[in-house]
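Okay, here's what each chain looks like letter by letter:
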Amino acid sequence: MSAPLRFLMALLLACLLPGVGHAANIEGVFLLNRSPDGFHLSLLPLAEGETQVVRVGPGSDVVSVLLPPATGRSSSLETPAPGLRVVSRRNGVITLEARSSDGRSTISSWSNRVEELTGYDIRVSVTSPERKQAFLIHGYSTSAATVGPVFNPFVAAGMPRPGEVVVETDTTLSVTPREIIGSAPFRFSRFPLVQLSIGGRMVGWAVVDTGAAVTVISDSVVPAGTDVRQVQIATYSPAGRSTEPLAIGGAGGAVAVAGEAGLAGLSIGAVEMGPTDVLVIAGLSDTMKSLTGEEIVAVIGLDVLRRSERVVFDFEAGSDMGELRFEPSRQGGMPMSIAGQHLFVEGQAGSRVNLLVDTGSSAELVLDPASARAAGFRETGDAAPARGLDGAALQFQTGVVERLTIGALEWSDVPARRGGVPVFNTMQNREQNMALLGSGFLRRLDRVALDFVTLKVEFTP
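Model, not experiment: these values are computed from the prediction. (Residues numbered from 1 in each chain as written. Predicted model: local features only at pLDDT ≥ 70, side-chain atom pairs only at ≥ 80, totals over all residues. Heavy atoms only, no water.)

Peer 1: Is there a simple way to think about the pattern of salt bridges in this case?
Peer 2: Close approach of charged atoms allows side chains with opposite charge to pair. Under the definition given, this model contains 22 salt bridges. Here Glu-458 and Arg-310 are joined by a salt bridge, their closest N and O atoms 3.1 Å apart. Remark: Arg-310 occurs in strand β25 (residues 310-315) and Glu-458 occurs in strand β36 (residues 456-460); sequence separation between them is 148 residues. A relative accessible area of 3% means that Arg-310 is categorised as buried. Salt bridges sharing partners connect three or more residues here, namely Arg-310, Asp-314, Glu-323, Arg-325, Glu-327, Arg-330, Arg-447, Asp-451 and Glu-458. (Salt bridge = Lys/Arg side-chain N within 4 Å of Asp/Glu carboxyl O. Helix = DSSP H or I, 4+ residues; strand = E, 2+ residues; numbered from the N terminus. Buried < 20%, exposed > 50% of the residue type's maximum accessible area, 1.4 Å probe, protein only.)

Peer 1: What's the story with the nonpolar core in this structure? I'm lost.
Peer 2: Note that soluble globular proteins tend to have their nonpolar side chains buried in a common cluster. The biggest cluster of nonpolar side chains holds 63 residues, and the ones touching the most others in it are Ile-268, Ile-406 and Phe-459. Dropping the residues within four chain positions of it, Ile-268 is found in contact with Ala-184, Val-194, Gln-195, Met-273, Ile-300, Val-304, Leu-324 and Phe-326. Counting residues in each nonpolar core, the second largest holds 32 residues, with Val-29, Phe-39, Trp-110 and Ile-137 among its members. (Core = buried A, V, L, I, M, F, W, Y, C linked by side-chain atoms within 4.5 Å. Contact = heavy atoms within 4.5 Å.)

Peer 1: What is the right way to look at the sheet that holds strand β3 (residues 51-56) in this model?
Peer 2: Neighbouring strands of a sheet are bound in pairs by backbone hydrogen bonds; such pairs are parallel or else antiparallel. In spatial order, the strands read β3-β6-β7-β8; together these four strands make up an open sheet with antiparallel pairing. Where the open sheet ends on each side, the last strands, each with one partner, are β3 and β8 (106-113). Neighbour-to-neighbour, the strand axes of this sheet turn through a mean angle of 15 degrees, independent of strand direction. Pairing of strand β7 (residues 93-99) with β8 involves seven bridges; the strand directions are antiparallel. Of the residues in β8, the one forming a bridge with Val-93 is Arg-113. (Pairing = 2+ DSSP bridges. Axes fitted to C-alpha atoms, helices over the stretch in contact; angles between N-to-C directions.)

Peer 1: What exactly am I supposed to notice about the side chain of Asp-451 here?
Peer 2: For Asp-451, the location among the structural elements is in strand β35 (residues 447-451). A distance of 3.0 Å separates a polar side-chain atom of Asp-451 from the backbone nitrogen of Val-453. If sequence neighbours within four positions are ignored, Asp-451 has contacts with Glu-309, Arg-310, Ser-329, Arg-330, Met-336 and Lys-456. (Polar contact = N/O pair within 3.5 Å; in protein donor to acceptor, adjacent residues only side chain to side chain.)

Right, dumping it as structure tokens:
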């Protein structure tokens, strides 16, 4: 019988997130195991020069071996059919093969260098007909259960079926927060805007966008002489490997990327964030001008914000000004997750909902149709059009949600919009209620604090 693994997709996003290697020694490979009380991770010892054969399927509690080929997202459907995983470590390279249960045929094979694995964070989503769970593997050395959405790219096909398990890994370069201390004023115009400097020269306004995975700048502010390198994504499938130019997800769809540039230094106000790799988008400043009426040259994403241990948005009541602070980590707050390279906090709106915290959106609350039904969305007005960076027109129905609860805080009659939200579709998470919590809502608060060490968020009314 053929081995159950179908390795469908891994997107290689070269150097998109700044990372630092870990000194931790890789002692083995991580396994996903199943027990009567759910799923859990374990470490299979694997020394240099050693090979281990792992049986999956009937007679084994092992569901999968969690070894990503590179940064990006990969998905597999593990079926009840028996199979083998052969893991070997030679010359600092760990190789994984999926074989048939008789060991005669190799279905797929991929590998990774040990020193590269130490620089990865891997978020693992596990879906079976009985339960959904998520885990985080840090530096390929420690693992723990985590909160937030559980992704299942096969949901449209009605999978998994009885006995099947969907395993998705979202692999990024690890970011070790630093004790960056300082503050920068921001001007609130639909979203927080700060003054951005590149290489010590102030270049203009930038949106501080917790809903953006990566930092992007307009080609108009790239320093002269900077090398702008083309970025390719690679897709692995049973048909082989294919590449194409990178496009990033915008509100309405994909936005073409001109390339990637390494900046010698990037500062938010007077706060130095250090050398930064950014994506370059041709005509971004013109696009932002047409969308917002503002002179905006960049979008600061999570890749830069996560360099700080703690980022605080201080909103001044009744004012269009505020302060963005970078502080040492501290205890306290509600759990947040970084899933699909987005920030989520759990709330209640008719039922449990995963709220994407997005300072780059001017809206208060945006729900897809399924989440709107669960939240008791009530129409109050006409359709409200919107446009994303790609220029695509989006249609939303205006209304209110009777009650929204986040932790111990509760709000009534929250203005909301209902419509197809492309970011949720690209995250392939239609099984679970999701909503976007934008700057229009966050401004109700005095303070929003995001701690990237403890993975906690504080909302201060």
